[in-house]
Amino acid sequence: MTEQTQLAELQKQLARMQAQIDALHEDKVEMQTRIDHLLAELKLRQSQKYGRKSEKAPRGTFNEAEQHKTTEPPKHHKKGKQTLAEHFEREVIEHTLTSLDCPCCGEQMHHCGSEDSKQIKISPAKISVIKHKQFKYACRSCEHEQLTNKIITAPKPKALL
């Protein structure tokens, strides 16, 4: 073999080895990127499992949606009984017993209080509030003679809703 053929052969081998080195370098960069991603994911999982259970400090870059959470409750969640607006027309209906005789002893019962409830009445182009006042009655004779006293409340008509 001549020196020129040997030189050509060595240059071919060098080119093949350089191509292998480039391929291995690309593989190394790709693997390093994958390792970095997996380490970041592992760190996030460990902080979620073993870290503080507080959402005050955001952890990692995988939870960006939770960083923008608001802590104030929505405005449509109103608790408790709502009062009816004062500008509505008011109407009071009083419900009394037809007979004030005690069902136990037949004596006359006296007025001892009332229960109030409000109902909305909607007529075309008009809204009003109806206040039902149900009077309560008790028997003085039963109060003094028996251990228990029965209080009777006047009935009111059933509400439509």
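Further up the page is the structure itself.
All values derive from a computational prediction rather than experimental measurement.

### Thoughts on the pattern of salt bridges
No. 1: Counted by the stated rule, this structure contains six salt bridges.
No. 2: As a salt-bridge pair, Arg90 and Glu86 come within 3.8 Å of each other at their nearest N and O atoms.
No. 3: Residue Arg90 is classed as partly exposed on the basis of its relative accessible area of 35%.
No. 4: With relative accessibility at 69%, the residue Glu86 sits in the exposed group.
No. 5: Across the pair Glu115 and Lys136 runs a salt bridge whose closest N-O atoms are separated by 3.7 Å. Taken as a pair, Glu115 in strand β2 (residues 109–123) and Lys136 in strand β3 (residues 126–139) lie far apart in primary sequence, 21 residues in all.

### Looking at the environment of His132
No. 1: Relative to the helices and strands, His132 resides in strand β3.
No. 2: The class of His132 is buried, set by a relative accessible area of 5%.
No. 3: Not counting residues up to four positions away in its chain, the partners in contact with His132 are Ile93, His95, Glu115, Asp116, Ser117, Gln119 and Lys156.
No. 4: Side-chain polar atoms of His132 contact the side chain of Gln119, separated by 2.7 Å.

What counts as what
Residues numbered from 1 in each chain as written. Predicted model: local features only at pLDDT ≥ 70, side-chain atom pairs only at ≥ 80, totals over all residues. Heavy atoms only, no water. Salt bridge = Lys/Arg side-chain N within 4 Å of Asp/Glu carboxyl O. Buried < 20%, exposed > 50% of the residue type's maximum accessible area, 1.4 Å probe, protein only. Helix = DSSP H or I, 4+ residues; strand = E, 2+ residues; numbered from the N terminus. Contact = heavy atoms within 4.5 Å. Polar contact = N/O pair within 3.5 Å; in protein donor to acceptor, adjacent residues only side chain to side chain.

From the geometry alone we can't say anything about function, so treat these as descriptive.
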